[in-house]
Amino acid sequence: MFVSNAEAIARRAMNRIEPRLADKYASLIRFLGMNPEAASAMRGRRGVEPGSEAYIELQADSFVAARAPRVPLPPATVPDEMVSVILGSYFNIAENELDRVKREHQLSMGAENLVGELLERYLAEIMEPRGWIWCSGSIVKAVDFIKPPQDASECWRSLQVKNRDNSENSSSSAIRVGTTIEKWFRTFSRRRDLNWDAFPEEEIRPLVSEAGFQEFVKAYLGKLK
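Bear in mind that the values here come from a model prediction, so they are computed numbers and not experimental data.

## Notes on the side chain of Arg186
Then step 1. In this structure, Arg186 sits in strand S4 (residues 182–187).
Then step 2. Classification of Arg186 as buried rests on a relative accessible area of 12%.
Then step 3. Excluding its chain neighbours within four sequence positions, the residues that come into contact with Arg186 are Val115, Leu119, Lys162, Asn163, Asp193, Leu194, Asn195, Trp196, Glu210 and Phe213.

Take a look at the structure:
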């Protein structure tokens, strides 16, 4: 359960950190107060109960920090040398090319790991001015965007965004069972096709595209150099 003055605590906490996000964060906490089972537990924060004043204040930091620019980085793990054996023995990669191929593979993995986050950032840029809230910081389980109702006849909407149709794990899928969480993915894993035409928000659908996403990514990464 969330404390009775959760929204006021959220607004106060965010006004200390980033006042421009105070309304968005307060709305997000209002949503969680109505759906406490959707609140993510805080990793490494033993004793901080979801819904408590401490939880709301700490998650305000996460909400802001997750919006900070992030550069693509290769995985920090040490490559398995057996990969070179397979590349040389089966795929006929020349021995003097193995280090380059491994390095490029690491860079590709780093780039691939960032695509999903870049997709959320692109959508947030378009959706937030139109009433949606990006749930940055993974505060809401299996949900990336929420939209507060505009009047009494509407309900809250929640949306989970994935880069590919096969990128959702079983635990995330299980969370959506029995809920009204909508799901959308950008690409298909078994064929070269895109899914922008199926974006679930009718108002947003004409505003998003692969060309728009590519331009956003180039501009975003260009600012990081």
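Having put the structure on the table, let's press on.
## Some points on the sheet that holds strand S1 (residues 133–134)
Then step 1. On the basis of which strands lie adjacent, the open sheet formed by four strands has the order S1-S2-S3-S4 and mixed pairing. Edge positions in the sheet fall to S1 and S4, since each of these pairs with one other strand and no more.
Then step 2. Here strand S2 (residues 145–147) runs beside strand S3 (residues 157–164); their pairing, made up of three bridges, is antiparallel. If you follow Phe145 over to S3, its bridge partner there is Leu159.
Then step 3. Its contacts with the sheet put helix H5 (residues 98–127) on S1, S2, S3 and S4, and the angle it makes with S3 is roughly 140 degrees.

## Some words on the pattern of salt bridges
Then step 1. Counted according to the given criterion, the structure contains 18 salt bridges.
Then step 2. With a closest N to O distance of 3.9 Å, Arg16 and Glu57 form a salt bridge. Placement of the pair is Arg16 in helix H1 (residues 6–17) and Glu57 in helix H3 (residues 53–65), with a sequence separation of 41 residues.
Then step 3. With its nearest N and O atoms 3.3 Å apart, the salt bridge here joins Glu201 to Lys147. Taken together, the residues Glu201 in the loop between S4 and helix H7 (210–224) and Lys147 in strand S2 connect sequence positions 54 residues apart.
Then step 4. Look at Lys147 and you get buried, because its relative accessible area is 13%.
Then step 5. Linked by salt bridges that have partners in common, Glu7, Arg11, Asp23 and Arg30 make up one network.

## Topic: the packing of H5 against H7
Then step 1. Following both chains from N to C, one finds H5 and H7 inclined at 105 degrees, their axes separated by 10 Å at the closest point. Taken together, the axes of H5 and H7 lie roughly perpendicular to each other. On the side of H5, the interface is formed by Val115, Leu118, Leu119, Arg121, Tyr122 and Glu125, while H7 contributes Gly212, Phe213, Phe216, Val217 and Tyr220.
Then step 2. Residues that form the contact of H5 with H7 fall into these classes: eight nonpolar, one polar and two charged.

## Remarks on the packing of helix H2 (residues 22–34) against H3
Then step 1. Where H2 meets H3, the axes come as close as 11 Å, and the angle between the chain directions of the two elements is 125 degrees. Between H2 and H3, the angle falls in the class oblique. Both H2 and H3 take part in a crossing whose hand is right-handed. Only Ile56, Gln59, Ala60 and Phe63 of H3 make contact with H2, whose side of the interface consists of Lys24, Tyr25, Leu28 and Ile29.
Then step 2. Its residues assigned to classes, the contact of H2 with H3 shows six nonpolar, one polar and one charged.

## Overview of a nonpolar patch on the surface
Then step 1. Taken together, Met82, Val85, Ile86, Tyr90 and Phe91 make up a surface patch of nonpolar side chains, about 550 Å² in accessible area.
Then step 2. One can find Val85 in helix H4 (residues 82–89).
Then step 3. Taking the relative accessible area as the measure of exposure, Val85 reaches 43% and is therefore partly exposed.

## Some remarks on the nonpolar core
Then step 1. Judged by nonpolar contacts, the single largest core of 29 residues is most densely connected at Tyr25, Leu28, Ile29, Leu32 and Ile56.
Then step 2. For this core, the secondary structure elements donating two or more residues are H1, H2 and H3.
Then step 3. Considering each element in turn, this core owes the most residues, six residues, to H2.
Then step 4. Residues in contact with Tyr25, not counting those within four places in the same chain, are Ala10, Met14, Ile56, Gln59, Ala60, Phe63 and Ile139.

Cut-offs used in this document
Residues numbered from 1 in each chain as written. Predicted model: local features only at pLDDT ≥ 70, side-chain atom pairs only at ≥ 80, totals over all residues. Heavy atoms only, no water. Helix = DSSP H or I, 4+ residues; strand = E, 2+ residues; numbered from the N terminus. Buried < 20%, exposed > 50% of the residue type's maximum accessible area, 1.4 Å probe, protein only. Contact = heavy atoms within 4.5 Å. Pairing = 2+ DSSP bridges. Axes fitted to C-alpha atoms, helices over the stretch in contact; angles between N-to-C directions. Salt bridge = Lys/Arg side-chain N within 4 Å of Asp/Glu carboxyl O. Parallel < 35°, antiparallel > 145°, perpendicular 65-115°, else oblique. Nonpolar A, V, L, I, M, F, W, Y, C, P; charged D, E, K, R; others polar. Left-handed = near helix turned anticlockwise from the far one by under 90°. Patch = residues over 30% accessible without salt bridge, like charges linked within 9 Å, V, L, I, M, F, W, Y side chains within 5 Å. Areas by Shrake-Rupley, 256 points an atom, 1.4 Å probe, with all protein chains shown as cover. Core = buried A, V, L, I, M, F, W, Y, C linked by side-chain atoms within 4.5 Å.

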